[in-house]
Amino acid sequence: SDNNGAASPFAQARALGNNRRGGPGLYNGGIGLLTSNSVFDSRPFSFNGQSAPKPDYNDVQFVANFGGPIRIPKLMRRGPNFFGNYQRTRDHNATSQAAFMPTALERGGDFSQSRNALGLPVRLIDPATGQPFAGNVIPADRISPQAAALLGFFPQPNSIGEGFNYQAPILVTTRVDTGTTRLQHQFRNGREQFNGVLSYTRNTTETANLFTFVDTSQNTNLNLDVNHSHRINQFLFLRSRYQFNRVTNDVTPQFSDVVNVSGLAGIQGNDQSPANWGPPALQFTTIAGMSTGQYATNTNLTNGAGSEIFWFRGRHSLTMGGGVRRQAFDVFSQQNPPGSSGFNGAASGSDLADFMLGLPQTGSIAVGNPDKALRQNVIEAYVNDDYRVSPVL
């Protein structure tokens, strides 16, 4: 901007660049906004040529910052320099998935129209007698009440296609909030310098699945870093530091503290504490498996301080220091609290029929208390001697 204010058709106004009247301003700030809407996105891919549903959402990215010296009349004429920044991002990622869901007839036990993975008609065998079920229909009194309750969470078919009868958009929503505050001050005597940085980040992700279960995971990071430097003489410095850091990772499933799915379905033996409410995981060979997230809350905490002396003379420098910090690790989660069951049709000839009869082929569940609360004290000391014989040695 050397030509600011010059007598030229290409000259810029004097308010631009560094040619402002009275010099540059003490305080500077900025603001920005970026937004987009799903109306401009292409429609999701259709697996069968039918019109695929399109989710509606709006993405936003906002940023603002401000900085300058802190001055309070009659109290603080030369305060520290301050800088603050905040940014928020809201982003969506939409994909389309297809699967096979139980039909209306199958939900009532009627498999007369059902076919297996090879496209052949299903032939149901009664595990109790070894004989075929009459009309390929499971009697109502033979359907497991637990299976009947869980079938209500399977979506109804909404499309016709080869190998699937259900298609839905899967939406992942991400929200990120980031804030940073920085203070920096040099005292008048020139021997003391101080700077501190406080930052906070929160990342929240909401993930949906084919069953419209929405699980939420949230990661936070709070960090405080304070540094002080004292110049004893032109060759000797004393530097001190304090740091605080807290990191959390939390996962909240859809049904956590909301609905006890297992208890209402009459399922016993699994963990039914409010944090772990939800359905058990179900695996099948011909239809979509049902699952939800697993509750977890983990926290890592570090609190420490240290000091060091730095001396240099010519090509020789020496650093000596040490510190102490307290660390805490808390892990509260269960690996498989609701349990899981697998069905492959070995009992009746159909994996879905085995499920409705209450005959899983595999099962697993976690037992015991896996929660951990670990504490650690760390003491450190170090010496670093650096001597440069020549520029290359």
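Above: the structure in question.
Not measured: the values here are computed from a predicted model. (Residues numbered from 1 in each chain as written. Predicted model: local features only at pLDDT ≥ 70, side-chain atom pairs only at ≥ 80, totals over all residues. Heavy atoms only, no water.)

## Observations regarding the overall build of the chain
Part 1: Scanning the chain from terminus to terminus reveals four helices and 13 strands.
Part 2: For the chain, the C-alpha radius of gyration of 32 Å lies well beyond 21 Å, the compact-globule estimate for 393 residues.
Part 3: Taking the principal axes of the C-alpha coordinates as reference, the chain spans close to 95 × 65 × 50 Å.
Part 4: Residues counted as buried form 30% of the 393 residues belonging to the chain.
Part 5: Within the chain, contacts between residues at least 6 apart in sequence are counted, and of these 66% link residues at least 24 apart.
Part 6: Here the chain has roughly 23300 Å² of accessible surface; of this, 55% comes from carbon and sulfur atoms.
Part 7: Averaging the locations of the 31 positively and 26 negatively charged side chains of the chain gives two centres separated by 20 Å. (Helix = DSSP H or I, 4+ residues; strand = E, 2+ residues; numbered from the N terminus. Rg over C-alpha atoms; globule rule 2.2 N^0.38 Å. Buried < 20%, exposed > 50% of the residue type's maximum accessible area, 1.4 Å probe, protein only. Contact = heavy atoms within 4.5 Å. Areas by Shrake-Rupley, 256 points an atom, 1.4 Å probe, with all protein chains shown as cover. Lys, Arg positive; Asp, Glu negative; His and termini not counted. Charge placed at Lys NZ, Arg CZ, Asp CG, Glu CD.)

## Structural notes on the sheet that holds strand 10 (residues 316-333)
Part 1: Taken in spatial order, the ten strands line up as 1-2-3-4-5-6-7-9-10-13 in an open sheet, and their pairing is antiparallel. What marks the edges here is a single partner per strand, and that holds for strand 1 (28-37) and strand 13 (372-387). Taken pair by pair, the neighbouring strands of this sheet meet at an average axis angle of 10 degrees, ignoring direction.
Part 2: The pairing of strand 7 (residues 236-252) with strand 9 (residues 296-313) spans 16 bridges and is classified as antiparallel. From the neighbouring strand, R241 faces strand 9, where its bridge partner is G306. (Pairing = 2+ DSSP bridges. Axes fitted to C-alpha atoms, helices over the stretch in contact; angles between N-to-C directions.)

## Side note on a positive patch on the surface
Part 1: On the surface, R71, R77, R78 and R188 cluster together to form a positively charged patch.
Part 2: By the secondary structure assignment, R78 is in the loop between strand 2 (58-69) and strand 3 (81-99).
Part 3: Judged by its relative accessible area of 53%, R78 falls in the exposed class. (Patch = residues over 30% accessible without salt bridge, like charges linked within 9 Å, V, L, I, M, F, W, Y side chains within 5 Å. Salt bridge = Lys/Arg side-chain N within 4 Å of Asp/Glu carboxyl O.)

## Comments concerning the nonpolar core
Part 1: I138, L150, F154, L210, F211, L282 and F355 are the most contacted members of the largest nonpolar core, which totals 33 residues.
Part 2: Within the residue set of this core, elements represented by two or more residues are helix 2 (145-151), strand 4 (166-186), helix 3 (261-265) and helix 4 (351-357).
Part 3: Per element, the largest residue contribution to this core is five residues, and it comes from helix 4.
Part 4: Those residues within four positions of L210 in sequence are excluded, and the remaining contacts are Q97, A99, M101, P155, Y166, A168 and I170. (Core = buried A, V, L, I, M, F, W, Y, C linked by side-chain atoms within 4.5 Å.)

## Some words on the environment of F82
Part 1: Relative to the elements of secondary structure, F82 occurs in strand 3.
Part 2: Separated by 32 residues in the primary sequence, F82 and S114 place their C-alpha atoms 70 Å from one another.
Part 3: Excluding residues that lie within four positions of it along the chain, F82 makes contacts with F66, G67, G68, I70, T181, R182 and L183.

## Brief notes about the sheet that holds strand 12 (residues 362-364)
Think of a sheet as strands paired side by side through backbone hydrogen bonds, with each pair either parallel or antiparallel.
Part 1: Ordered by their spatial adjacency, three strands build an open sheet running 8-11-12, and the pairing between neighbours is mixed. Bordering the open sheet on either side are strand 8 (281-283) and strand 12, each of which pairs with just one other strand. Each strand of the sheet is rotated relative to its neighbour by a mean of 10 degrees, with strand direction disregarded.
Part 2: The sheet contact formed by strand 11 (residues 340-342) and strand 12 spans three bridges and is antiparallel. The partner of S340 across the bridge, within strand 12, is S364.

Read these as spatial facts, not as claims about activity.
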